[in-house]
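Chain by chain, the residues:
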Amino acid sequence: MIYAISDIHGCLDEFEEALAGVDLSEVGSRLVLFGEYCDRGQGLLRHLPFSLLLRNPR
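A quick note: this is a predicted structure, and the numbers were derived from the prediction, not measured.

Asks: Can you tell me about the nonpolar core, naming the residues and giving the values?
Replies: In terms of nonpolar packing, the biggest core is built from 8 residues, these being Tyr3, Ile5, Ile8, Leu12, Phe15, Leu19, Val22 and Leu33. Mapped by element, the contributors of at least two residues to this core are β1 (2-6) and α1 (12-19). The leading source of residues in this core is α1, at 3 residues.

Structure (structure tokens):
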């Protein structure tokens, strides 16, 4: 399964809510983030480090 989330705009609470519906436990599952990550929103300063933690270490 490929999950895609776009245009987060620094809204970390909403981003975390969207992530609640993502199940990466299945082999081959991927999460793709695209669009504007942190151009506004109340979670602006917390969002980028959080997104980096989700990065695939491979």
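Asks: I'd like a rundown of unusual backbone geometry, residues and numbers included.
Replies: The phi angle at Asp7 is positive, at roughly 50 degrees, despite the residue not being glycine. By relative accessible area, Asp7 is classed as partly exposed at 38%.

Asks: Which residues make up the confidence of the model for the protein, and what are the values?
Replies: Averaged over every residue, the pLDDT of the protein is 77; residues scoring 70 or more account for 62%. Highest mean pLDDT in the protein belongs to β1 (92); lowest belongs to helix α2 (residues 44-53) (60).

Asks: Quick rundown of the side chain of Ser29? Include the residues and the values.
Replies: Structurally, Ser29 is set in the loop between α1 and β2 (30-34). Assessed through its relative accessible area of 8%, Ser29 is described here as buried. Setting aside residues up to four positions removed in sequence, Ser29 forms contacts with Met1, Asp23 and Leu24.

Asks: I'd like a rundown of a nonpolar patch on the surface, residues and numbers included.
Replies: Judged by side-chain polarity, Ile2, Val32 and Phe34 come together as a nonpolar surface patch covering roughly 290 Å² of accessible area. With respect to the secondary-structure elements, Ile2 resides in strand β1.

Asks: Quick rundown of the pairing of β2? Include the residues and the values.
Replies: Pairing of β1 with β2, which is carried by 5 bridges, proceeds in the parallel orientation. For Ile2, the partnering residue across the bridge sits in β2 and is Arg30. Crossover β1 to β2 through α1 is right-handed.

Reading the values: the criteria
Residues numbered from 1 in each chain as written. Predicted model: local features only at pLDDT ≥ 70, side-chain atom pairs only at ≥ 80, totals over all residues. Heavy atoms only, no water. Core = buried A, V, L, I, M, F, W, Y, C linked by side-chain atoms within 4.5 Å. Buried < 20%, exposed > 50% of the residue type's maximum accessible area, 1.4 Å probe, protein only. Helix = DSSP H or I, 4+ residues; strand = E, 2+ residues; numbered from the N terminus. pLDDT = per-residue confidence, 0-100. Contact = heavy atoms within 4.5 Å. Patch = residues over 30% accessible without salt bridge, like charges linked within 9 Å, V, L, I, M, F, W, Y side chains within 5 Å. Areas by Shrake-Rupley, 256 points an atom, 1.4 Å probe, with all protein chains shown as cover. Salt bridge = Lys/Arg side-chain N within 4 Å of Asp/Glu carboxyl O. Pairing = 2+ DSSP bridges. Right-handed = clockwise from strand over helix to strand, strands pointing away.

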